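Examination of the molecular architecture
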Amino acid sequence: KKEKKEKKEKKDRDVKVEGSDDDKSDSEGGDELSYGDEEVKVVVNDLTEFVKTKGKALSVENMFEEVRAQQVTKVFDNKVRMYIALSALFPDASFDAKGVKERVPYLKQFISNGSMSFADYIWSVEAYLDANPGALKAYPMTLKALYDEDLAEEKDILDWYKGDQESPGFEAAAKACAPFIKWLEEADESGSDSDEDSDESD
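Described in the following lines is the structure provided in the data block. Here the structure is a predicted model, which means the values were calculated and not measured. (Residues numbered from 1 in each chain as written. Predicted model: local features only at pLDDT ≥ 70, side-chain atom pairs only at ≥ 80, totals over all residues. Heavy atoms only, no water.)

A word on the environment of Gln70
Its location among the elements puts Gln70 in helix 4 (residues 60–74). Here Gln70 falls in the buried class, since its relative accessible area comes to 11%. Taking the C-alpha atoms as reference, Gln70 lies 9.1 Å from Leu47; in sequence the two are 23 residues apart. Aside from chain neighbours lying at most four places away, what touches Gln70 is Val43, Asp46, Leu47, Val75 and Phe76. (Helix = DSSP H or I, 4+ residues; strand = E, 2+ residues; numbered from the N terminus. Buried < 20%, exposed > 50% of the residue type's maximum accessible area, 1.4 Å probe, protein only. Contact = heavy atoms within 4.5 Å.)

Description of unusual backbone geometry
Phi at Val75 is positive, roughly 70°, even though this residue is not glycine. Inspection of the secondary structure assignment puts Val75 in the loop between helix 4 and helix 5 (78–89). We classify Val75 as partly exposed; its relative accessible area is 27%.

Structural notes on the packing of aromatic side chains
Counted by the stated rule, this structure contains 12 aromatic pairs. Where Phe95 meets Tyr128, the ring centres are 5.4 Å apart and the plane angle is 75°; that geometry is what we call edge-to-face. With Phe95 in the loop between helix 5 and helix 6 (97–102) and Tyr128 in helix 8 (residues 118–131), this pair connects stretches of sequence that are 33 residues apart. An identical accessibility class is assigned to Phe95 and Tyr128; each is buried. Of the aromatic side chains, those joined through ring pairs into one cluster are Phe118, Tyr121, Trp160, Tyr161 and Phe170. One cation-aromatic arrangement involves Arg103 over Tyr106; the distance from NZ or CZ to the ring centre is 5.2 Å. The cationic tip of Lys144 hangs over the ring face of Trp183; the distance from NZ or CZ to the ring centre is 5.6 Å. (Phe/Tyr/Trp six-rings, centres within 6.5 Å; stacked < 30°, edge-to-face > 60°. Lys NZ or Arg CZ within 6 Å of the ring centre and 35° of its normal.)

This is the structure in structure tokens:
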């Protein structure tokens, strides 16, 4: 009876992991892959090849299914999943404003499906920048594109970069996007005074 009960509990756990994208359900085993692990690099390479092979036939659905299948079998949280997705969609440091605009539906799918907060998914973005420092130069415009596409709110961006975060690439990312942060702060200060005027001019 005890053995049967243990089997049932294991089955329930498995169903919970497969049916939910909540981080807690994916982390019960305690053996999750982390950013920087060799196995994560292997998954990134596999999925990069998948995106390349699919070419124009790539869709949000088949991309998500492929990444999700890897997540279930390899076990990693949604922050690492987002990092892997970014790495596969934007190989060789190609994450820039143009890329964001072209891949908006993909980004939205991974963010919304995992119920990711700004802090969670910007962690993934900065992990990507840490692994792909060549993308740092374009980061101010990349972050602006995320903002323009309603993937990042002004308040969240300012709060994040005014703090001292622990993501892998935070320091370099904060330094790189400083011009955009300054622009946001200035727009925030002047925007509150000129909202009515801009509404009339529109």
